Amino acid sequence: MSRFAGAPRRLRRVSSLRATFTVSFAAVAAAVTVLVGFLSYDAAARLVRVDQQTVFAEVVQDLRDQVREHPLQPQDFASPDTDHDGPLDDIIRPSRTDIQVLGPGGAMVDRGTPPLPVNRHDRAIADGGTAGELAEHKDVDVDGDRYRLATVALGGGRGAVQIAQQFSDTEDLLRELQQRTVLLVGAVVVAAGLFGWWLARRITRRLVRLAGAAEDVARTGRLGIQVPVTGYDEVARLGRSFDRMLGRLAQSEEDQRRLVQDAGHELRTPLTSLRTNISMLRRIDELPPDAREELVADLALESRELTDLVNELVALAAGQSDTEPVRHLDLAELAEDVAIVARRRTGREITVHVTGDTAVDGRPTALQRAVSNLVENAAKFDRGGRSPIEVVVTGPAPRTGAGQSGDSGGPDTGARPGPVRVEVLDRGPGIGDDDLVRVFDRFYRAADARSLPGSGLGLSIVREVATAHGGTPFAFHREGGGTVIGFTVGR
């Protein structure tokens with residue numbers, strides 16, 4: 001129940017990932033669009049407002065200069081000159097302005113369109129005696145519209161001229177620009193969301209397929225499910241890694257199944273023999289002394305072989321787990337340690353020959369087990385032999401440095417790249433040609449070796465160790481009689 005309950009949660013996580021992509025993409029697009037739109041609108045509005053205000057200020061200043069230079073009357077501004085060269089034309093030409101002319105005391109001489117408000121301060125300006133005196137009103141309401149208003153005195157109490165510039169239409173234009181900017185931002189956000197959803201769907205589509213494959217494996221337990229892998233990006237790398245992981249798991253499951261089957265087959269024979277001998281123990285009093293001794297010896301031998309078989313199985317399973325950490329070690333020193341122990345166990349003479357650089361990166365216990373199995377195998381099949389068992393460890397030859405060619409630099413003592421080779425040579429009866437190709441199979445024993453003690457797992461452990469270290473096992477006839485069995489270790 002719990003296994004299937006996890007599937008909706010995984011689907012929700014995939015969906016939320018797609019939603020996260022979509023929202024994130026839309027949010028980034030919205031933030032960028034809002035920022036650009038705000039800055040663009042602010043710059044445009046500032047530019048338009050400053051431009052309008054500058055034009056109005058220039059018109060007012062021109063009017064002040066005119067009334068200071070010439071003693072003008074209100075009638076001079078009352079109506080445009082037919083030749084368009086009067087002072088009123090000079091005012092209205094630069095920009096769209098509304099003009100209203102006041103007489104002495106603020107009396108209306110020429111009403112503006114629309115009429116402009118006249119307050120006490122404006123009347124005082126009209127009665128003023130200084131030409132060009134100015135009264136400004138920055139925000140005046142005229143028939144619902146907003147205006148800038150300036151009243152310029154003609155001097156000598158002759159009146160004043162009022163100039164007004166409407167800026168509410170400019171604000172309306174800017175407001176419309178603002179609305180359009182908001183609409184554009186909204187459209188961009190929607191478009192970005194749709195594009196983000198499409199992009200997220202395209203990205204997560206392979207993740208959904210990968211999650212489906214994982215759910216199929218969890219539901220069915222089958223490790224041979226095909227994992228869909230396309231592309232070369234991170235998702236594709238994840239798919240390939242998942243596919244390789246399933247392959248490793250499938251291989252491990254197959255190895256475990258074969259190990260259990262082979263172990264069951266090999267354990268059946270000694271267990272059957274033990275049961276038979278144990279059943280004979282009930283009648284041990286009826287047996288003659290020689291038969292008793294033989295029965296006890298058989299029980300001891302079979303229990304010893306069963307113990308060895310179990311130990312070999314445990315060693316083989318441990319070798320497949322790869323839990324031992326990798327260390328930098330010298331295979332020559334490891335072979336020397338194996339030879340010392342083997343001399344005590346077998347009483348045989350065992351020599352070690354070393355050539356080249358034999359340092360490798362590997363798992364010490366596994367490699368020691370492999371070399372020990374080779375030496376014990378040679379001692380077992382060369383019982384009573386007088387020739388020493390030879391262990392040969394050969395590594396890559398050192399590089400020849402430039403210093404040997406007459407250069408000033410010293411010789412390069414680094415090793416050439418290449419595997420390290422471990423060989424065990426004996427003078428036993430040898431191995432048949434048909435058996436050489438199968439000698440590293442699990443539980444395989446040659447016909448002439450089945451009477452000897454052993455489980456048939458020793459050389460298969462050598463193969464497992466060599467393969468795990470990037471090498472290969474090998475076996476061939478030794479010139480002059482005997483066998484050469486060994487393996488290589490990658491560097």
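Above this note sits the structure.
Residues numbered from 1 in each chain as written. Predicted model: local features only at pLDDT ≥ 70, side-chain atom pairs only at ≥ 80, totals over all residues. Heavy atoms only, no water.

Participant: Please explain the packing of helix α7 (residues 331–346) against helix α8 (residues 364–381) as it appears in this structure.
Facilitator: Look at α7 against α8: their axes get within 9 Å of each other, and the N-to-C directions meet at 45°. The pairing of α7 with α8 is recorded here as oblique in orientation. The way α7 lies across α8 gives a crossing that is right-handed. Side by side, α7 and α8 meet where Leu-331, Leu-334, Ala-335, Asp-337, Val-338, Ala-342, Arg-345 and Thr-346 of the first sit next to Pro-364, Leu-367, Gln-368, Val-371, Ser-372, Val-375, Glu-376 and Ala-379 of the second. (Axes fitted to C-alpha atoms, helices over the stretch in contact; angles between N-to-C directions. Helix = DSSP H or I, 4+ residues; strand = E, 2+ residues; numbered from the N terminus. Parallel < 35°, antiparallel > 145°, perpendicular 65-115°, else oblique. Left-handed = near helix turned anticlockwise from the far one by under 90°. Contact = heavy atoms within 4.5 Å.)

Participant: Looking at this model, I keep getting lost on a negative patch on the surface. Mind explaining?
Facilitator: Side chains of Asp-290, Glu-293, Glu-294 and Asp-298 sit close together on the surface and give a patch of like negative charge. If you trace the backbone, Glu-293 turns up in helix α6 (residues 289–321). The class for Glu-293 is exposed, based on a relative accessible area of 58%. (Patch = residues over 30% accessible without salt bridge, like charges linked within 9 Å, V, L, I, M, F, W, Y side chains within 5 Å. Areas by Shrake-Rupley, 256 points an atom, 1.4 Å probe, with all protein chains shown as cover. Salt bridge = Lys/Arg side-chain N within 4 Å of Asp/Glu carboxyl O. Lys, Arg positive; Asp, Glu negative; His and termini not counted. Charge placed at Lys NZ, Arg CZ, Asp CG, Glu CD. Buried < 20%, exposed > 50% of the residue type's maximum accessible area, 1.4 Å probe, protein only.)

Participant: What exactly am I supposed to notice about the sheet that holds strand β9 (residues 389–394) here?
Facilitator: To summarise the sheet geometry, strands pair through backbone hydrogen bonds and adopt either a parallel or an antiparallel arrangement. Spatially, β7-β9-β10-β12-β11 is the arrangement adopted by the five strands of the open sheet, whose pairing is mixed. At either margin of the open sheet sits one strand with a lone partner, and together these are β7 (350–355) and β11 (473–477). Strand-to-strand twist in this sheet, taken as the mean axis angle between neighbours without regard to direction, amounts to 15°. For β9 and strand β10 (residues 420–426), the ladder comprises five bridges, and the chain directions are antiparallel. By the bridge assignment, Thr-394 is partnered in β10 with Arg-421. (Pairing = 2+ DSSP bridges.)

Participant: Sorry, what's going on with the packing of aromatic side chains here?
Facilitator: Remark: the centre distance and the inter-plane angle together describe each pair of aromatic rings, the angle taken between the planes. Applying the stated criterion across every chain yields a total of two aromatic pairs. On the numbers, 6.1 Å between centres and 20° between planes, the contact of Phe-474 with Phe-476 is stacked. Overall, Phe-474 belongs to the buried group, its relative accessible area being 13%. Taking the relative accessible area as the measure of exposure, Phe-476 reaches 34% and is therefore partly exposed. (Phe/Tyr/Trp six-rings, centres within 6.5 Å; stacked < 30°, edge-to-face > 60°.)

Participant: Would you take a moment to explain the sheet that holds strand β5 (residues 160–166) for this structure?
Facilitator: Spatial ordering of the open sheet is given by β2-β1-β5-β4-β3, a layout of five strands whose pairing is antiparallel. Both outer strands of the open sheet, β2 (108–110) and β3 (134–142), are each paired with one neighbouring strand and no more. Averaged over neighbouring strand pairs, the angle between their axes works out to 30° when direction is ignored. In this sheet, β2 lies alongside strand β1 (residues 98–102) in antiparallel orientation, the contact comprising two bridges. Bridge pairing in β2 links Val-101 to Asp-110.

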